[in-house]
Amino acid sequence: MIAHSSAIAHRRHQAGSERTQRALVLQTLSRYKSGRTNSEIAAVLGLPASTVAARINHLKSPRGGCKVIEAGRRKCRVTGYTAKVHKVVR
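Treat the numbers as computed from the prediction; the structure is a model and nothing was measured.

Remarks on helix α2 (residues 38–45)
Three- or four-residue spacings in an α-helix give side chains the same orientation, since the helix completes a turn every 3.6 residues.
Next, step 1: Residues of α2 that are buried include every one of Ser39, Glu40, Ile41 and Ala42, and no others.
Next, step 2: Phi turns positive, to about 75°, at glycine 46, one or two residues after α2.

Listed below in structure tokens is the structure:
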């Protein structure tokens, strides 16, 4: 069984990582006025697309300040598949 203090430390570390990742995703996305897909952002940051998707979902939510919007769909430059494009709310 994991000690209570270890679980608390893990949650604090994970929360810090998530905040850092959200900031990196937002900063990266803000450089592209036409928006980017999750896979395109992931390729720039070297993160898994699933991690980027989770951070984008948070940034799109009221809890995340609604800082990102879905701006349509287009062919992803990384995967070649049609994907959602996200943009920073200006």
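Considerations on the pattern of salt bridges
Next, step 1: Under the counting rule described, the total for this entry stands at four salt bridges.
Next, step 2: Among the ionic pairs, arginine 77 bridges to glutamate 40, the shortest N-O distance being 4.0 Å. Pair noted here: arginine 77 is in the loop between β1 (68–75) and β2 (82–88) and glutamate 40 is in helix α2, with a separation of 37 residues, a long-range link.
Next, step 3: Judged by its relative accessible area of 58%, arginine 77 is exposed.

Considerations on the pairing of β2
Next, step 1: Direction of pairing for β1 relative to β2: antiparallel, over a ladder of six bridges. Along β2, the bridge assignment pairs glutamate 70 with histidine 86.
Next, step 2: Taking the residues that link successive antiparallel strands as the turn, the β1-β2 hairpin has six residues, and the phi of glycine 80 there is positive, at about 85°.

So, the environment of valine 85
Next, step 1: Within the element layout of this structure, valine 85 appears in strand β2.
Next, step 2: The class of valine 85 is buried, set by a relative accessible area of 4%.
Next, step 3: A C-alpha to C-alpha distance of 10.0 Å links valine 85 and serine 39, two positions 46 residues apart in sequence.
Next, step 4: Beyond its immediate sequence surroundings of up to four residues, valine 85 is in contact with Ser34, Gly35, Arg36, Thr37, Ile69, Glu70, Ala71, Gly72, Arg73 and Arg74.

Calculation rules
- Residues numbered from 1 in each chain as written.
- Predicted model: local features only at pLDDT ≥ 70, side-chain atom pairs only at ≥ 80, totals over all residues.
- Heavy atoms only, no water.
- Buried < 20%, exposed > 50% of the residue type's maximum accessible area, 1.4 Å probe, protein only.
- Helix = DSSP H or I, 4+ residues; strand = E, 2+ residues; numbered from the N terminus.
- Salt bridge = Lys/Arg side-chain N within 4 Å of Asp/Glu carboxyl O.
- Pairing = 2+ DSSP bridges.
- Contact = heavy atoms within 4.5 Å.

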